[in-house]
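Analysis of the macromolecular model
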Amino acid sequence: MGIKTLEFENPILSGKLTIPGDKSISHRAVMLGSIAKGKTSISGFLDGEDCISTINIFRQLGVSIEREGTKVTIDSPGMLRWKTPTQVLYAGNSGTTARLLLGILAGSRITSVLTGDESLSNRPMNRVTLPLRTMGASITGEPDSNLLPLSITGGQLKAIDYTMPVASAQVKSAILFAGLTAEGETSVSETTVSRDHTERMLMQFGADLSKKGNTVRLKGGQLLHATDVVVPGDISSAAFFMAAVAMLERSSVSFKNVGLNPTRTGIIDVLKEMGAQVEIGEEKEPLGEPYGDVTITYGSLQGIEISGAIIPTLIDELPVIALLATQAQGTTIIKDAAELRVKETDRIVAVTTELKKLGADIEATDDGMIIHGPTALTGGSLASYGDHRLGMMAAIAALVTSGPIQIEDPSCIAISYPGFFDDLEKLAISTNLKG
Ligand code: S3P
């Protein structure tokens, strides 16, 4: 387990940054490109470890996938001709890979076993296996098909009308993928809207899908058509540097081609409400997903309440938002975010434990955190918990702490942002980066 030390003196962040591809969209592009027969090409693919896990699994199913950096070319025989894998399918650390695949494999013609790393093997899968079993899926594992490894025997599924008990795009996507091959029309209703990349991309691959209010309907037995996918920059990755800019006087950074899907842009709303200056350039939407340039400039920050419908639109950003709140005047309350407890680690426990080590005035609640600011943070040694977003939160904290930060096990950052430290160095170049 390595340690990375970061220390800055009066840092300013400035310049332009092209953020790596969106993780959620990259996974879905490989999945749909593998389901559809023929050639799909993906540009802007995220070459992070999670998305590579997805590629490796489809290769095991007999799909030809070539990758050169961020360009991926898929040539698939189509889902009906996938071959039964000879080895266990390994989803690594990736919840999206595991949960979406369960939906896909359940309606396939193959039998497989899916597993993951230690963190993923402790994350709940019954949020997808229970509705999938109602559709007729044969998925077995202990306890009660909740934890990986799980065995999946693909077969004919039947449609379901499903009302989501949690706001989770992974659950919604797993059911829609299963619905693709099911008999009848599947519907999924959400009380709180989660990211809609699956719906958008299914339509891009030619699926007949309709949306009314918060309900999505999809007819079973559809064939998808291979197509080209352009992946915009991941706003969840950009969020770390956006928050850094918002905390540092005299800082301003322009982020190029950032995904601006409204189901993901809660961080922009929070930055504005807290007092940062946000400018959004012309929005483009060539192939299904909106994106554009976003410039963030420092502004004096105020604490706010973050709760309700905005939570799923910034769920992965909450660790860095908690850090941001330590530098804002007044109290920030984060609630309705109990989902944080079942991420790569329990992020409520991890964020509060680590920020307290730096002197933050932060407390954990059942479904969120309460942060009083502003606090002058000290340096310290922070654990990443093998969680990429905790690792990046620790690195960004180093920009505002009085002493150095040691990040324990920083390699996990490559799960979603392999070039993170290079980009940090690039933006902070004028600031005596040490370490
Ligand atoms: C994701 C959905 C979210 C998010 C995860 C990626 C996706 O998880 O936290 O990083 O790609 O669908 P949930 O669906 O569990 O909320």
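None of the values given here were measured: they were computed from a predicted structure.

**Topic: the nonpolar core**
Counting residues in each nonpolar core, the largest one holds 77 residues, and the members touching the most others are Phe241, Phe255, Ile396 and Phe420. At eleven residues, helix H7 (residues 235-247) tops the list of elements feeding residues into this core. Contacts of phenylalanine 241, omitting those with residues within four sequence positions, involve Leu13, Leu17, Ile19, Phe255, Ile396, Tyr417, Phe420, Asp423, Leu424 and Leu427. With 65 residues, the next largest nonpolar core counts Ala98, Leu114, Met201 and Val231 among its residues.

**Examining the UniProt feature "binding site: phosphoenolpyruvate" (unreviewed entry) in the protein chain**
The UniProt entry lists Lys23, Gly95, Arg123, Gln170, Arg347 and Arg389 under the feature "binding site: phosphoenolpyruvate" (unreviewed entry), expressed in the numbering used here. Locating glutamine 170 in the fold gives a position in helix H5 (residues 169-181). Overall, glutamine 170 belongs to the buried group, its relative accessible area being 15%. Once residues within four sequence positions are removed from consideration, glutamine 170 is found in contact with Gly95, Thr96, Arg99, Leu100 and Val128. Of note is the side chain of glutamine 170, whose polar atom sits 2.8 Å from the side chain of threonine 96. Relative to the helices and strands, arginine 389 is located in helix H11 (residues 388-397). What arginine 389 contacts, discounting residues up to four positions off in sequence, is Lys23, Ser236, Phe240, Asp316, Pro319, Arg347 and Ser416.

**Description of the environment of proline 85**
Structurally, proline 85 can be placed in the loop between strand E5 (71-76) and strand E6 (89-90). Look at proline 85 and you get buried, because its relative accessible area is 12%. Put simply, proline 85 and glycine 299 are 214 residues apart on the chain and 54 Å apart in space, counted from C-alpha to C-alpha. Look past the residues within four positions of proline 85 in its chain and what remains in contact with it is Gln60, Leu61, Ile110, Thr111 and Ser112.

**Let's talk about the site of the ligand**
In the neighbourhood of the ligand, the contacting residues comprise Lys23, Ser24, Arg28, Thr96, Ala167, Ser168, Ala169, Gln170, Arg195, Ile315, Asp316 and Lys343. Serine 24 is positioned with one of its side-chain polar atoms (N or O) 2.7 Å from an oxygen atom of the ligand. Side-chain polar atom of threonine 96 to an oxygen atom of the ligand: 3.4 Å apart, as the coordinates give it. Within the complex, 94% of the 390 Å² of free accessible area of the ligand lies under protein. Of all the secondary structure elements, the ones that give two or more residues to the shell around the ligand are helix H1 (23-35) and H5. Among the elements that take part in the shell around the ligand, H1 stands out by supplying three residues, more than any other.

**Some points on the domain arrangement of the protein chain**
You can read the domains of the protein chain as domain 1 (3-21 + 233-427) and domain 2 (23-230). Of note, the centres of domain 1 and domain 2, computed from C-alpha atoms alone, are 28 Å apart. Contacts between domain 1 and domain 2 engage 28 residues on the former and 27 residues on the latter. Buried area between domain 1 and domain 2, summed over both chains or domains, comes out near 2300 Å², and the portion from carbon and sulfur atoms is 49%. The largest contributions to the domain 1 side of the interface with domain 2 come from Leu287, Glu344 and Ile415, which together make up 24% of the buried area.

**Brief notes about the packing of helix H8 (residues 266-274) against helix H9 (residues 318-326)**
Contact geometry of H8 with H9 gives a least axis separation of 12 Å together with a crossing angle of 5°. Of the possible angle classes, the one that applies to H8 and H9 is roughly parallel. Contacts from Ile267, Val270, Leu271 and Met274 of H8 reach H9 at Ile321, Leu324 and Ala325. A class-by-class count of the residues in the contact of H8 with H9 yields seven nonpolar, no polar and no charged.

Scoring rules and cut-offs
- Residues numbered from 1 in each chain as written.
- Predicted model: local features only at pLDDT ≥ 70, side-chain atom pairs only at ≥ 80, totals over all residues.
- Heavy atoms only, no water.
- Core = buried A, V, L, I, M, F, W, Y, C linked by side-chain atoms within 4.5 Å.
- Buried < 20%, exposed > 50% of the residue type's maximum accessible area, 1.4 Å probe, protein only.
- Helix = DSSP H or I, 4+ residues; strand = E, 2+ residues; numbered from the N terminus.
- Contact = heavy atoms within 4.5 Å.
- UniProt positions renumbered as here; feature names shortened; annotations may be inferred.
- Polar contact = N/O pair within 3.5 Å; in protein donor to acceptor, adjacent residues only side chain to side chain.
- Near = heavy atom within 4 Å.
- Areas by Shrake-Rupley, 256 points an atom, 1.4 Å probe, with all protein chains shown as cover.
- Domains from an automatic or database assignment.
- Buried area = accessible area lost by both parts, 1.4 Å probe.
- Axes fitted to C-alpha atoms, helices over the stretch in contact; angles between N-to-C directions.
- Parallel < 35°, antiparallel > 145°, perpendicular 65-115°, else oblique.
- Nonpolar A, V, L, I, M, F, W, Y, C, P; charged D, E, K, R; others polar.

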